[in-house]
Amino acid sequence: MHLEGSCHCGTVSFSLDSRHPYPYQRCYCSICRKTQGGGGFAINLSGDAKSLKVQGRKHITIYHARLKDEGDKRAHRSSAERHFCSLCGSGLWLFSPEWPELIHPFASAIDTPLPVPPQRTHLMLGSKAPWVEVEAHPGDQQFEVYPEESIAQWHERLGLTR
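Quick caveat: nothing in here was measured; it's all calculated off a predicted structure. Residue positions are given per chain, counted from 1 along the sequence in the order it is written. Where totals are concerned, whole chains, interfaces and linings use all residues; where local detail is concerned, this predicted model gives features only for residues with pLDDT of at least 70, and gives and counts side-chain atom pairs only at 80 or more. Only hydrogens and water are removed before side-chain values are computed, so all heavy atoms of the structure are retained for them.

J.: Before we move on, can you summarise the UniProt feature "domain: CENP-V/GFA" (unreviewed entry) in the protein with the specific residues and values?
T.: UniProt positions are given in the numbering used here, feature names are shortened, and annotations may be inferred rather than shown by experiment. Per the UniProt record, the feature "domain: CENP-V/GFA" (unreviewed entry) sits at residues 3-132. As annotated, residues 3-132 has a helix share of 5% and a strand share of 34%, and its two end C-alpha atoms lie 29 Å apart. We count a stretch as a helix when DSSP gives it H or I for four or more residues in a row; a strand needs E for two or more, and each element gets its number in order from the N terminus.

J.: Describe the sheet that holds strand E7 (residues 60-63), and please don't skip the residues or the numbers.
T.: Should DSSP find at least two bridges between two strands, the strands are regarded as paired. If you trace the 5 strands from one edge of the open sheet to the other, you get E5-E12-E11-E10-E7, paired in antiparallel fashion. Two strands close off the open sheet at either side, each with one partner strand: strand E5 (47-48) and E7. Here E5 runs beside strand E12 (residues 102-105); their pairing, made up of 2 bridges, is antiparallel. From the neighbouring strand, Gly-47 faces E12, where its bridge partner is Ile-103.

J.: Please provide a residue-by-residue account of the sheet that holds strand E1 (residues 2-6), values included.
T.: Sheet strands pair by backbone hydrogen bonding; their relative direction is either parallel or antiparallel. Spatially, the 3 strands line up as an open sheet ordered E1-E2-E6, and their pairing is antiparallel. The open sheet has two free edges, formed respectively by E1 and strand E6 (53-55), since each of these has just one partner strand. Taken pair by pair, the neighbouring strands of this sheet meet at an average axis angle of 15°, ignoring direction. Sheet topology places strand E2 (residues 13-17) next to E6; 3 bridges connect them, and they run antiparallel. When the sheet's bridge partners are listed, Phe-14 is paired in E6 with Val-54. Only C-alpha atoms enter the line fits that serve as axes; for helices the fit covers just the stretch in contact. Angles between N-to-C directions range over 0 to 180 degrees.

See below:
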């Protein structure tokens, strides 16, 4: 599926192709919640990095989250890059050098109508904010941390690969 996305002010727009366009995965970690999730979670999609086309690239800023594992004395810088519009602050996509073939656009930045997922995965519930209520439906999966199943595997399991 071809996806078109943009920031709120329209200065940055982008497009990419996705074989896994269902916005099913809700992440409740503090990084996603604070950088993306006004409702207490963020939704990342998966796309082909080689297909990414960007207009307004000079107005993109990149944020590397600070990670501190339990027992660590100091936080370290994440290798993952969260891309934002430097003018309006809209989150656009995440890129991780661990998976260079992938781009993870934030569903909130996508302008193309996305398919409704038949079920959802709620992850990183162990770090969700106490005020957040998880709206789980029958068939939804819930995880304290990360599930073993990737975005691609979820789509394949449900026969939703395009």
